[in-house]
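Spelled out, the chains give:
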Amino acid sequence: MDSVVLLQRQLVDYTAQLFNEGFLDDQFNQLQQLQDESNPDFVVEVVTLFFEDSERLLNELAKALEQQSIDYRKIDAHVHQLKGSSSSIGAQRVQKVCIAFRNYCEERNIEGCQKCLQQVKNEYSLVKTKLETLFKLEQQVLAAGGSIPWPMQ
């Protein structure tokens, strides 16, 4: 079997693993379907914006939870934004933690909010690493002269 076919199989298997482990959902497939020859880097660009926005929001959340007087509405607004952006790229596990986080905001539960902040940071870090690996595999397939087999899930 040639190296391109092996790389493509590795890419398909890795993508399936991300879905099976709940890192991604069907929204990621829909995002991929918006990519075409006229915009071959669409998914990478959208996900990169997600990374930038998420890191800013996570920093804002950490600052807001360190304040003497906790503004739960502000925290909830940041979590709502993170939930929406994670949902839009299919980052399912980040989105699920955000749902619990918002419930703790509603309850004005500082311990729950702090716990969820750590969980969302962990899930974000995991999905970022997984997506970066996915994009590297895609680049390897393309560099070897292959094409990306869409849809992969």
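Going by an unreviewed UniProt entry, the protein chain carries the name Histidine-containing phosphotransfer protein and comes from Salix dunnii. Of the protein chain, the UniProt comment under Function (unreviewed entry) reads exactly: "Functions as a two-component phosphorelay mediators between cytokinin sensor histidine kinases and response regulators (B-type ARRs). Plays an important role in propagating cytokinin signal transduction."

A short note on the overall build of the protein chain
In terms of helices and strands, the protein chain carries six helices and zero strands. Mapped from its N terminus to its C terminus, the protein chain presents α and β elements in the order α-α-α-α-α-α. Viewed in the frame of its principal axes, the protein chain has a C-alpha envelope of about 60 × 30 × 20 Å. Looking at the protein chain as a whole, 42% of its 153 residues qualify as buried. Counted over contacts in the protein chain with a minimum sequence separation of 6, partners at least 24 positions apart contribute 67%. Surface accessibility of the protein chain: about 8400 Å² in total, with carbon and sulfur atoms responsible for 47%. If the 15 positive side-chain charges of the protein chain are averaged to one point and the 22 negative ones to another, these points end up 8 Å apart.

Topic: the nonpolar core
Within the largest apolar cluster, 44 residues are counted, with the highest numbers of intra-cluster contacts made by Phe 28, Val 47, Ile 75, Phe 101, Val 120 and Leu 131. Filtering out sequence-adjacent residues up to four positions away, Val 47 remains in contact with Phe 28, Leu 31, Ile 89, Leu 131 and Phe 135.

Remarks on the UniProt feature "modified residue: Phosphohistidine" (unreviewed entry) in the protein chain
Feature annotation in UniProt places "modified residue: Phosphohistidine" (unreviewed entry) on His 80, given in this structure's numbering. The residue His 80 is located in helix α4 (residues 72-89) in this model.

Describing the packing of aromatic side chains
Taken as a whole and judged by the stated rule, the model has three aromatic pairs. Chaining the aromatic ring pairs together yields one cluster made of Phe 50, Phe 51 and Tyr 124. The aromatic ring of Phe 23 is capped on one face by Arg 93, whose charged end is 3.9 Å from the ring centroid. Sitting over the face of the ring of Phe 51, Lys 128 holds its NZ or CZ atom 5.4 Å from the ring centroid.

What counts as what
Numbering of residues starts from 1 in every chain and runs along the sequence as written. Thresholds applied to this predicted model are a pLDDT of at least 70 for local features of residues and 80 or more for the giving and counting of side-chain atom pairs; totals over whole chains, interfaces and linings are not thresholded and use all residues. For side-chain calculations, the full set of non-hydrogen atoms in the structure is used, while hydrogens and water are omitted. UniProt positions are given in the numbering used here, feature names are shortened, and annotations may be inferred rather than shown by experiment. Only DSSP runs of H or I with at least four residues qualify as helices, and only runs of E with at least two residues qualify as strands; both kinds are numbered from the N terminus onward. When accessible area is computed with a 1.4 Å probe and restricted to protein chains, residues below 20% of their type maximum are described as buried, those above 50% as exposed, and intermediate ones as partly exposed. Pairs of residues are marked as contacts when any of their non-hydrogen atoms sit within 4.5 Å. For the accessible areas, the method is Shrake-Rupley and the probe is 1.4 Å, while residue cover comes only from the protein chains on display. Asp and Glu count as negative and Lys and Arg as positive, but His and the ends of the chain are not part of the count. Note on charges: their place is set at NZ of Lys, CZ of Arg, CG of Asp or CD of Glu. Each nonpolar core is a collection of buried residues, namely Ala, Val, Leu, Ile, Met, Phe, Trp, Tyr and Cys, held together in the definition by side-chain atoms within 4.5 Å. Any Phe, Tyr or Trp ring, taking Trp's six-membered ring, that has another such ring centre within 6.5 Å forms a pair; planes under 30 degrees apart are called stacked, those over 60 apart edge-to-face, and the others tilted. When the NZ atom of lysine or the CZ atom of arginine is within 6 Å of a ring's centre and also within 35 degrees of its normal, the charge is said to sit over that ring.

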